[in-house]
Amino acid sequence: VCPFPPTHRYCFETDEVAYRLGSKGLLKGKIPYRDLFDHKGPLLYFVYAFGMLITGCSDIGIWIVFSLINAASFYLLYKTARLFFDEDSSFMGLMITIALLNLHSNSLFVSGTKPEHIVLLFLSASQYLFFKRITERKEKPVEEVFSGKDMLILGLLCGGVFLLKMNFCIYYLCFLGLFFLYQLIRKKIKVFFTNTVVFVS
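Residues numbered from 1 in each chain as written. Predicted model: local features only at pLDDT ≥ 70, side-chain atom pairs only at ≥ 80, totals over all residues. Heavy atoms only, no water.

So, on to the overall build of the protein chain. A tally of helices and strands in the protein chain yields eight helices and zero strands. From first element to last, N terminus to C terminus, the protein chain shows the α and β order α-α-α-α-α-α-α-α. Expressed as lengths along the three principal axes of its C-alpha atoms, the size of the protein chain is roughly 60 × 45 × 30 Å. Looking at the protein chain residue by residue over its 201 residues, the buried ones come to 42%. (Helix = DSSP H or I, 4+ residues; strand = E, 2+ residues; numbered from the N terminus. Buried < 20%, exposed > 50% of the residue type's maximum accessible area, 1.4 Å probe, protein only.)

Pasting the structure below:
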């Protein structure tokens, strides 16, 4: 479904044409949001530009980069499921997810090269790290399960989402926001401030 593979002569998705033009302009010394304008975050144009750079300004590079991004996202979703379920259930759940993402014409995966795909990678990585630490905590109290390094990685992933589509950052409230609230309820003020400061930085 991607508009940039070698099988297609032209890009057939209007949004992706805008991202491609912005990235091509970036490679030619144009300044985003001044010389060429689109309302998406700046990280998207750098990902597109990187794809074009690896194949000499060819669209095929965009296809390669996003194929890797999508594969990594689905791998992380599988790894997250494996924290709770067996191999077969995790694999079947992933296959059902992929099928459902492709059923509707306005689906997230209608083109394979939207900013949401990079966002999904960052969110999948964040979710995997979060649940991995929670499930392997053993004797450690749940409010102290994350190291400063973990919080820094989660903060960087959230920052990546912010540089693509800032409205998706609200997803972090679903698991990390509730975790911070839990620390406050348990009166772990020192751990709360350490975690939040590192995350926000």
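A separate point is the packing of helix H6 (residues 148-162) against helix H7 (residues 171-185). Their axes nearest at 13 Å, the elements H6 and H7 cross at an angle of 145 degrees. Of the two possible hands of crossing, H6 and H7 adopt the one that is left-handed. Residue-level inspection shows Met151, Leu154, Leu157, Cys158 and Val161 of H6 in contact with H7, the latter providing Tyr172, Leu176, Phe179 and Phe180. (Axes fitted to C-alpha atoms, helices over the stretch in contact; angles between N-to-C directions. Left-handed = near helix turned anticlockwise from the far one by under 90°. Contact = heavy atoms within 4.5 Å.)

What follows is about the environment of Asn102. Among the structural elements, Asn102 can be located in the loop between helix H4 (87-101) and helix H5 (115-135). For Asn102, a relative accessible area of 40% puts it in the partly exposed group. Between the alpha carbons of Asn102 and Pro3 there is a distance of 15 Å; along the sequence they are 99 residues apart.

Under the definition given, this model contains nine salt bridges. Residues joined in a network through salt bridges with shared partners are Lys132, Arg133, Glu136 and Asp150. (Salt bridge = Lys/Arg side-chain N within 4 Å of Asp/Glu carboxyl O.)

Next up on the list: the packing of helix H1 (residues 14-27) against helix H2 (residues 42-54). Relative orientation of the contacting elements H1 and H2 amounts to 75 degrees, with a least axis distance of 8 Å. One way to sum up the angle between H1 and H2 is to call them roughly perpendicular. In contact with Glu16, Tyr19, Arg20, Gly22, Ser23, Lys24, Leu26 and Leu27 of H1, H2 contributes Leu44, Tyr45, Phe46, Tyr48, Ala49, Met52 and Leu53. A breakdown of the residues in the contact of H1 with H2 according to their chemical character gives 10 nonpolar, two polar and three charged. (Parallel < 35°, antiparallel > 145°, perpendicular 65-115°, else oblique. Nonpolar A, V, L, I, M, F, W, Y, C, P; charged D, E, K, R; others polar.)

Once that is clear, we can look at the side chain of Ser124. For Ser124, the position within the fold is in helix H5. Looking at Ser124, the relative accessible area reads 2%, which means it is buried. Apart from residues no more than four positions distant in its own chain, Ser124 is found in contact with Ser73, Leu76, Leu77 and Thr80.

All right, on to unusual backbone geometry then. Notably, Tyr33 is not glycine yet its phi reads approximately 70 degrees, a positive angle. Secondary-structure assignment places Tyr33 in the loop between H1 and H2. Judged by its relative accessible area of 36%, Tyr33 falls in the partly exposed class. In the Ramachandran plot, Lys187 falls in the positive-phi region, its phi being about 60 degrees despite a non-glycine side chain.

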